[in-house]
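So the chains spell out like this:
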Amino acid sequence: EGFSLACFPHGESSKSARAFFVEDRDEIIKIVNYLNERGISLIGHNLKEDIFPFVSIGINDFNLKYDTQVAEYVKNPSKRDYNIETLSLEYLSVDKLTQTCQNSDSASKSKKNVRIIDLSTEGILEWLGHYFVAVGTIKKLQEEYLKEENLWSVFEDIEMPLIEVLASMEANGVKVDKEILQKLRSEFSAQIGELEKDIFEEAGEEFNINSPAQLGVVLFEDLKLPYAKKTKRGYSTSAAVLDKLKGHFPIVDMILEYRALTKLMSTYIDGMLKLVGNDGRIRPHFMQTVTATGRLSCTE
């Protein structure tokens, strides 16, 4: 009823996957066209990751039929783990995929959370064999459930078509103007520096503003501000506590502004600058199976 297909480069171990796909693009297109012309559909687990290398070199025509990761998400959107190894253990009562990794000569026995796959041809083929059986068996059981619970249309008409859309979005990326980010970084750094000076002057001493423990002592012991809330780790300097003091004590307003600017700096400016590629684009990972509400989650 089907066959398992895998593409992996032989030869130099240092050869990147992208280089492999770029160099062999014409041959890969022939394979994809061959499958499409014969109406052969693709079934797998986390298909977005599988098709991304193809999409990144301009191959966008796929006949995606079934993704066990996405199906499990539709079945139970509150799960923490949709890994194929976890589903194999749940549905088949055995996880031969992890066992294959652990039994390889290169596997580290001392690190329980680290799986090292035997990258020899024999090791990969053995793992793929277990993968093929696991995906096929899980698919049948999931399919029965989705149809019985009237979830099939959500899976087939909404979630499956979304896979190619997200892969295309990731491949295209988001154009970022680095000059604007660098300009903002310079402006924010100057503002943060001025706020530090003003906060230290108001406090009458220098301290680590980013340390809740040190900040708590300064505010509630040295300056004797009200609404002190002591915890096991010291005084609480949460936004809820500082908001009660806002507008009454200048140092509190400065600290809240300092926090806002440092958050913008670390999370968005510095955070985005380190992710910009050579072509000026950020290529985030859009996660389809993370939030229980059906929203997309975005990382990197």
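Bear in mind that the values here come from a model prediction, so they are computed numbers and not experimental data.

Asks: Honestly, the overall build of the protein chain in this entry has me stumped. Any pointers?
Replies: When you go through the protein chain residue by residue, the secondary structure sums to 12 helices and 8 strands. Across the 300 residues in the protein chain, those meeting the buried criterion constitute 35%. Put simply, 58% of the contacts in the protein chain that link residues at least 6 apart link residues at least 24 apart. By element, 51% of the accessible surface of the protein chain is carried by carbon and sulfur atoms, the whole surface being about 18,500 Å².

Asks: Sorry if this is basic, but what is going on with the nonpolar core here?
Replies: Side chains of nonpolar character tend, in soluble globular proteins, to be buried together. If you look at the biggest cluster of nonpolar residues, it comprises 30 residues, and the most contacted ones within it are Ile199, Phe207, Leu219, Phe220, Leu225, Ile251 and Ile255. Secondary structure elements with two or more residues in this core: helix H9 (178-203), helix H10 (212-222), helix H11 (239-245) and helix H12 (250-273). A per-element tally of this core places H12 first, with 9 residues. Once residues within four sequence positions are removed from consideration, Leu225 is found in contact with Leu219, Phe220, Leu245, Phe249, Ile251 and Val252. Membership of the second largest hydrophobic core comes to 23 residues, among which are Leu47, Val55, Val70 and Ala71.

Asks: Even after reading the chapter, I still don't get the side chain of Thr68, so can you show me in this structure?
Replies: Mapped onto the secondary structure, Thr68 falls in helix H4 (residues 68-75). Residue class for Thr68 comes out buried when judged on its relative accessible area of 0%. Among the polar contacts made by the side chain of Thr68, one reaches the side chain of His45 at a distance of 2.7 Å. Setting aside residues up to four positions removed in sequence, Thr68 forms contacts with Gly44, His45, Ile84, Leu87, Val135, Ile138, Lys139 and Gln142.

Asks: I would appreciate a short explanation of the packing of helix H3 (residues 47-55) against helix H8 (residues 152-172) in the present structure.
Replies: Think of two packed helices as two axes; the pair is described by the angle between the axes and how far apart they sit. The N-to-C vectors of H3 and H8 enclose an angle of 45°; their axes lie 9 Å apart at closest approach. Taken together, H3 and H8 sit at an angle that is classed as oblique. Remark: the crossing between H3 and H8 carries right-handed chirality. Contact residues: H3 offers Leu47, Lys48, Ile51, Phe52 and Val55, while H8 offers Met160, Ile163, Glu164, Leu166, Ala167, Ser168, Glu170 and Ala171.

Asks: Sorry, what's going on with the pattern of salt bridges here?
Replies: Oppositely charged side chains may form a pair once their charged atoms are brought near each other. Under the defined criterion, the tally for this structure stands at 11 salt bridges. Of the charged contacts, one joins Lys48 and Glu170 as a salt bridge, the two residues approaching to 2.6 Å between their closest N and O atoms. Here the residue Lys48 occupies a position in helix H3, and Glu170 occupies one in helix H8, the gap between them amounting to 122 residues.

Asks: How should I be thinking about helix H2 (residues 25-37) in this particular structure?
Replies: Residue pairs three or four apart in sequence face the same way in an α-helix, which turns once every 3.6 residues. Taking 1.5 Å per residue as the helical rise, H2 with its 13 residues ought to reach 18 Å, and the 18 Å between its terminal C-alpha atoms agrees with that figure. Every buried residue belonging to H2 is among Ile28, Val32 and Leu35, and all of these are buried. Looking down the long axis of H2, one finds its buried residues gathered within 60° of arc, a one-sided arrangement. Those residues of H2 that are exposed and aimed more than 90 degrees away from the buried face are Asp26, Lys30 and Glu37. Looking one or two residues beyond H2, the residue adopting positive phi is Gly39, at roughly 65°.

Asks: Just checking my understanding: could you explain unusual backbone geometry for this structure?
Replies: Located in the positive-phi region is Asn150, a residue other than glycine, with phi close to 60°. Along the polypeptide, Asn150 turns up in the loop between helix H7 (121-148) and H8. Residues other than glycine seldom take positive phi values, yet Lys224 does so here, at roughly 55°. Inspection of the secondary structure assignment puts Lys224 in the loop between H10 and strand S4 (230-231).

Asks: Would you mind going over helix H5 (residues 84-92) with me for this structure?
Replies: Looking at H5, one finds that the buried residues are Ile84, Glu85, Leu87, Ser88 and Tyr91. Around the axis of H5, the buried residues are gathered within 160° of arc, so they sit on the same side. Ser93 sits one or two residues past H5 and shows a positive phi near 65°.

Asks: I tried to follow the layout of surface pockets on my own but got confused; where do I start?
Replies: Gaps between atoms show up when a probe of the same size as a water molecule is rolled over them. Its boundaries defined by the atoms lining it, the second largest pocket holds a volume of some 470 Å³. Lining the second largest pocket we find 22 residues, and of these Asn46, Lys48, Glu49, Phe286 and Met287 sit closest to its centre. Breaking the lining of the second largest pocket down by element, the ones donating at least two residues are H3, H4, H8 and strand S7 (285-287). Of the residues assigned to the lining of the second largest pocket, the class counts are 8 nonpolar, 6 polar and 8 charged.

Asks: How should I be thinking about the packing of aromatic side chains in this particular structure?
Replies: Aromatic rings considered in pairs are described by the distance between their centres and by the relative angle of their planes. On inspection of all chains with the given rule, the structure shows 8 aromatic pairs. When the centroid spacing of 5.7 Å and the interplanar angle of 70° are considered together, the rings of Phe200 and Phe207 count as edge-to-face. There is no split in this pair, since Phe200 and Phe207 are both buried. Ring geometry for Phe220 versus Tyr235: centroids 5.5 Å apart, planes at 40°, classification tilted. Taken together, the residues Phe220 in helix H10 and Tyr235 in strand S5 (residues 234-235) connect sequence positions 15 residues apart. The class of Phe220 is buried, set by a relative accessible area of 7%. Ring pairing ties together the aromatic residues Tyr66, Trp152 and Phe155, which thus form one cluster. Stacked on the ring of Tyr66, the Lys or Arg Lys139 has its end atom at 5.2 Å from the ring centre. Directly above the ring of Trp152 sits Lys147, whose terminal nitrogen or CZ lies 4.9 Å from the centroid.

Rules and cut-offs
Residues numbered from 1 in each chain as written. Predicted model: local features only at pLDDT ≥ 70, side-chain atom pairs only at ≥ 80, totals over all residues. Heavy atoms only, no water. Helix = DSSP H or I, 4+ residues; strand = E, 2+ residues; numbered from the N terminus. Buried < 20%, exposed > 50% of the residue type's maximum accessible area, 1.4 Å probe, protein only. Contact = heavy atoms within 4.5 Å. Areas by Shrake-Rupley, 256 points an atom, 1.4 Å probe, with all protein chains shown as cover. Core = buried A, V, L, I, M, F, W, Y, C linked by side-chain atoms within 4.5 Å. Polar contact = N/O pair within 3.5 Å; in protein donor to acceptor, adjacent residues only side chain to side chain. Axes fitted to C-alpha atoms, helices over the stretch in contact; angles between N-to-C directions. Parallel < 35°, antiparallel > 145°, perpendicular 65-115°, else oblique. Left-handed = near helix turned anticlockwise from the far one by under 90°. Salt bridge = Lys/Arg side-chain N within 4 Å of Asp/Glu carboxyl O. Expected span 1.5 Å × (residues − 1). Arc of directions from axis to C-beta. 1 Å grid on protein atoms, 1.4 Å probe; cavity = no way out; pocket = protein on both sides within 12 Å on 5 of 7 lines; lining within 4 Å. Points joined across faces, edges and corners; volume = space filled by probe spheres on them. Nonpolar A, V, L, I, M, F, W, Y, C, P; charged D, E, K, R; others polar. Phe/Tyr/Trp six-rings, centres within 6.5 Å; stacked < 30°, edge-to-face > 60°. Lys NZ or Arg CZ within 6 Å of the ring centre and 35° of its normal.

In short, shape yes, function no, at least from these values alone.
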